[in-house]
Amino acid sequence: QVQFVESGGGLVQPGGSLRLSCAASGSIFSGSFFRVLPMGWYRQAPGKERELVATITGGGTTDYTDSVKGRFTVSRDNAKKIVYLQMNSLKPEDTAVYYCNRRPSWNNYWGQGTQVTVSS
């Protein structure tokens, strides 16, 4: 069984910051499997398709979609099986539900996500 639980979202003014967390759990993550698993943060805005925002490999190599480069930072704590997304200089267009999942995603294991709303 696989479970991803996202947290840390909320309402923030433009220019503000939030730090999202994603905790991975399940028997598949026993041992060192999580350490080598590439993980991604995704988001889905109202009326739009889900998009990949940031990726981090097991070794810590990161990649970002152009719209968040220089503003978002993805990191991971392999011992705790947690992936983070630090979001700075937030814009209204960052408003969405944010999810984490393997990269590429396991489509049967999406979590509930965490809502991020950027508004004045």
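This write-up is about the structure you can find in this document. Because the structure is a prediction, the values reported are computed rather than measured. Numbers given for residues are sequential positions, taken from 1 along each chain in its written order. Residue-level local features of this predicted model are given only where pLDDT is at least 70; pairs of side-chain atoms are given and counted only at 80 or more, and the full residue set underlies all totals for whole chains, interfaces and linings. Side-chain descriptors were evaluated using all non-hydrogen atoms of the structure, hydrogens and water having been removed beforehand.

## Brief notes about the packing of aromatic side chains
Just so we agree on the cut-off: Note on aromatic pairs: the rings of Phe, Tyr and Trp (six-membered ring only in Trp) are paired at centre separations within 6.5 Å, and the planes decide the class, stacked below 30 degrees, edge-to-face beyond 60, tilted for the rest. Note on conventions: DSSP H or I runs of at least 4 residues are helices, E runs of at least 2 residues are strands, and numbering of each starts at the N terminus. Buried residues are those whose accessible area, probed at 1.4 Å on protein chains only, stays under 20% of the maximum for their type, while exposed residues exceed 50% and partly exposed ones sit between those limits.
What the rule picks out here adds up to 8 aromatic pairs. Ring plane angle 20° and centroid distance 6.4 Å describe the contact between Phe4 and Trp106, whose orientation is recorded as stacked. Highlighted residues: Phe4 in strand 1 (residues 3–7) and Trp106 in the loop between strand 9 (96–102) and strand 10 (114–118), separated in sequence by 102 residues. Each of the two residues, Phe4 as well as Trp106, counts as buried.

## Examining the environment of Val2
This is how it is decided: In what follows, a contact means two residues having at least one pair of non-hydrogen atoms within 4.5 Å.
Tracing the backbone shows Val2 in the segment before strand 1. Expressed as a C-alpha distance, the spacing of Val2 and Ala24, which sit 22 residues apart in the sequence, is 7.4 Å. When near neighbours in sequence (up to four residues on either side) are disregarded, Val2 contacts Ser25, Ile28, Phe29, Trp106 and Tyr109.

## Considerations on the pattern of salt bridges
What counts here: Put simply, a salt bridge is a Lys or Arg side-chain nitrogen that is within 4 Å of an Asp or Glu carboxyl oxygen.
Counted according to the given criterion, the structure contains 4 salt bridges. Glu51 is paired through a salt bridge with Arg43; the nearest N and O atoms lie 2.7 Å apart. Of the residues examined, Glu51 reaches a relative accessible area of 32% and is grouped as partly exposed. With a shortest N-O distance of 3.1 Å, Lys69 and Asp66 are connected by a salt bridge. With a relative accessible area of 47%, Lys69 lands in the partly exposed category.

Distances and angles like these do not, on their own, reveal function.
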